[in-house]
Amino acid sequence: MAAASRNVGFYINKNCRFLFSSIEQLKGRSFCWAPVLQQQATELQKGLTENISLPRKKEWNKTAVLEALASTVNRDPTAYQYDFQDDPYLTPRTSSEYKMFLLSQESGRSAAKYFVNTNPKFFTKDFAEPHIPCLMPETVTLRLEDVSEEALKERISLRKVTAAVEMYDQLLQAGTVVSMETVYELLDLISFYCDKDPVQEGAQTEDPDEPGEEVKQRSVRGRRGRTSMKPVWKDNNNAERIFNLLPEKDTRCYSALIRGMQKHGNSAKAFSMYTDMLNNRLTADVHIFNALIAAVPDVRDQYNERWDLIVETLNQMNQQKVQPNLLTFNTVLKALRQCGPQARNYSLNTINEMRALGIAPSLATYNHILVVFYKPSFIGKGNPSVLQELLSYLEGQRFTCQDPDDVMFFCTAMKICLAYKDVELAYKVHSLVETSENWRLLGDSHKTSVYYFRFFSLLCMMEHVDTVMRWYRRLVPSKFYPNSQGLMDLLQALDTDGRLDLIPTIWKDIRSLGHDNKLELVEELLTLMARDEHPPEVQESFAVCALEVKDSVGSLRGRPVLEWTNTTLSNVTTLLLRANKTGQAWEMLQVFKEKNRVPSDKLLDDFLSVCKRDSDAQRAVELVQLSSAFCLQATPKLAKRALTEFNLKEEQRSLLSELDTTEQPED
């Protein structure tokens, strides 16, 4: 630091001497700005007499360089998502592989974390730079074995519910007074996990030997018919027992139990506990009221009764002078989704109340509004004016996650755009997604895929094919993996705008995405290519696709095998004939025979025309024989045409004459 100060002073003094000498040379001259230079030199010389203070060293974030470099590049639309770039060999190509990859990755992380946490003695050295605490081994084994409050806190911090309850009971038996803060934490732990030890990451769950003695379970049926077992609040569990043993009960204790009861399906008892709290002349906190509002749909059946109970709860909140927060109003709006048509007016009143209190809505707030206004029975009717006004208001805003339901907004908005077929509105939604880092609020991989699938389907229906293809290249595969239905929509868009020449390019993507075993998709692709005749270069590219379809039949390992149907066989043969690949087309006719499939009359007629063009009489005879083997009604017609149009040998004529049994019309 001293050397740096001397160097700075040396250069400043040198510059000052140069400035002073310049001023001396200018003395006596009539330049008007000489006094100004002299004044500046005087001020600079005066400043040299003061101590030179250098700025302090600036502390940079350890990832600042990486962030700066990342800001200089844009997303590569041709690259796969960054999640999959660790091992290109394992890069998923289909939506099912995509899901399997993420599940396997998370499973591997959980297994590694479980091993590290259960064996911390093998991971005592930290070579990471920068140091990342969350990646270091956690302490999951109990170190304090004595009966003390510190041991109880350790068990609470490690989420050992059963061990914490046992330690608390031992402290009570020993006559030790436990602080209320520790009791609060214990009640929160028991209530959150419903008096049951949480399943540790990476560990295998075991069925209890005596299910009747364990926490009761409830079966919850999901949207896709799946059932999941969730614990239900049991009467007189450890949380209630410890609560009843407390000499003094305050709001904080009631809050833990009420929230636990609502979370684990005992809403009626939550309201009963709230009534007991009021009888003890205690006031609730905002968390209690949020839990009670969320429990309203479970304790009331009629729509008007639900709203009346919500209003009553809010009035009590006002009487007890409890300030609501964002989650309070979001919970009200979420409950209104189950209050019928009248919920529209109530939801607008709720938004006005939020504005009056100065509480800024989150994306979850707007999502609940959209669900209230666009019920499944109403969506697609009327006009999306509510969404239009909402997007105009939200344009250019940046959002952070404040509610777990924030990740539902974009999917809901795009669903409405798709239902109303409003592509301009969809562009506004996507523009909001791409603003700043709002894309992080798209949710998990499943919700993200649903959002982009809806967006892309709408583009295929409403936009020109050139625009569709630009978006296709921007989104696939860097953003999402289209399923077979999405690719069907793309093929329909190509057909609508007459750009079937792009089908070979799409077929390459279909193969790379692993959808070449989807029969419906392959049949649609072959049908579009074989429907009309095209220029020779296009027909040649179509024939290449047809041969690749032929090679992929029955050769897909580990996946459902694509089987031949009459449609696929006929279309592949037609495409090969149009590309002058007669030999390979004849092989396809043999496949008809092997698979006991019946070729169409038109296909045989086209094949006979190709034989005439090539002057291949032998193959024409074989074609008529093949038709006879299938007992087709067109056999006599084909035989007569072959006799007329081909220069046949006597044996061939004799053979075809037997097949030409067309009856002459009577006079």
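Described below are features of the structure shown in this document. (Residues numbered from 1 in each chain as written. Predicted model: local features only at pLDDT ≥ 70, side-chain atom pairs only at ≥ 80, totals over all residues. Heavy atoms only, no water.)

## Some points on the overall build of the protein chain
Along the protein chain, the regular secondary structure elements total 30 helices and 2 strands. Taken over 667 residues, the protein chain has a buried fraction of 40%. For the protein chain, restricting intrachain contacts to residue pairs at least 6 apart in sequence, the fraction spanning at least 24 positions comes to 66%. Summed over all atoms, the accessible surface of the protein chain reaches about 39,100 Å², with 50% contributed by carbon and sulfur. (Helix = DSSP H or I, 4+ residues; strand = E, 2+ residues; numbered from the N terminus. Buried < 20%, exposed > 50% of the residue type's maximum accessible area, 1.4 Å probe, protein only. Contact = heavy atoms within 4.5 Å. Areas by Shrake-Rupley, 256 points an atom, 1.4 Å probe, with all protein chains shown as cover.)

## What about the packing of aromatic side chains?
Taken as a whole and judged by the stated rule, the model has 16 aromatic pairs. When the ring of F455 is compared with that of W471, the centres are 5.1 Å apart and the planes differ by 85 degrees; the resulting orientation is edge-to-face. Of this pair, F455 sits in helix α19 (residues 445-462) while W471 sits in helix α20 (residues 465-475), and the two are 16 residues apart along the sequence. With respect to burial, F455 and W471 carry one shared label: buried. K263 extends its terminal NZ or CZ atom over the ring of F192, reaching a point 4.8 Å from the ring centre. Note that R474 overlies the ring of W471, its terminal NZ or CZ placed 4.2 Å from the centroid. (Phe/Tyr/Trp six-rings, centres within 6.5 Å; stacked < 30°, edge-to-face > 60°. Lys NZ or Arg CZ within 6 Å of the ring centre and 35° of its normal.)

## Looking at unusual backbone geometry
The peptide bond linking V476 to P477 adopts the cis configuration, its omega dihedral lying at 0 degrees. Take P477: it is sitting in the loop between α20 and α21 (484-496). Positioned with a positive phi, N236 is a non-glycine residue whose angle comes to about 55 degrees. For N236, the position within the fold is in the loop between β2 (227-231) and α8 (238-245).

## Remarks on the nonpolar core
Among the nonpolar cores identified, the biggest contains 166 residues, and I258, L387, F409, F410, Y451, I503 and L589 are the most heavily contacted of them. Aside from chain neighbours lying at most four places away, what touches I503 is L491, L494, L525, L528, M529 and F542. (Core = buried A, V, L, I, M, F, W, Y, C linked by side-chain atoms within 4.5 Å.)

## Here we look at a nonpolar patch on the surface
The grouping of V65, L66 and L69 at the surface amounts to a nonpolar patch, some 320 Å² of accessible area in total. Among the structural elements, L69 can be located in helix α3 (residues 64-70). The class for L69 is exposed, based on a relative accessible area of 53%. (Patch = residues over 30% accessible without salt bridge, like charges linked within 9 Å, V, L, I, M, F, W, Y side chains within 5 Å. Salt bridge = Lys/Arg side-chain N within 4 Å of Asp/Glu carboxyl O.)

## Description of the packing of helix α25 (residues 566-578) against helix α26 (residues 582-594)
Relative orientation of the contacting elements α25 and α26 amounts to 160 degrees, with a least axis distance of 8 Å. The pairing of α25 with α26 is recorded here as roughly antiparallel in orientation. Relative to α26, α25 is oriented so that their crossing is left-handed. Packed against α25, whose contacting residues are N566, L569, S570, V572, T573, L576 and L577, the element α26 presents Q584, A585, M588, V591 and F592 at the interface. Class assignment for the residues of the contact of α25 with α26 results in 8 nonpolar, 4 polar and no charged. (Axes fitted to C-alpha atoms, helices over the stretch in contact; angles between N-to-C directions. Parallel < 35°, antiparallel > 145°, perpendicular 65-115°, else oblique. Left-handed = near helix turned anticlockwise from the far one by under 90°. Nonpolar A, V, L, I, M, F, W, Y, C, P; charged D, E, K, R; others polar.)

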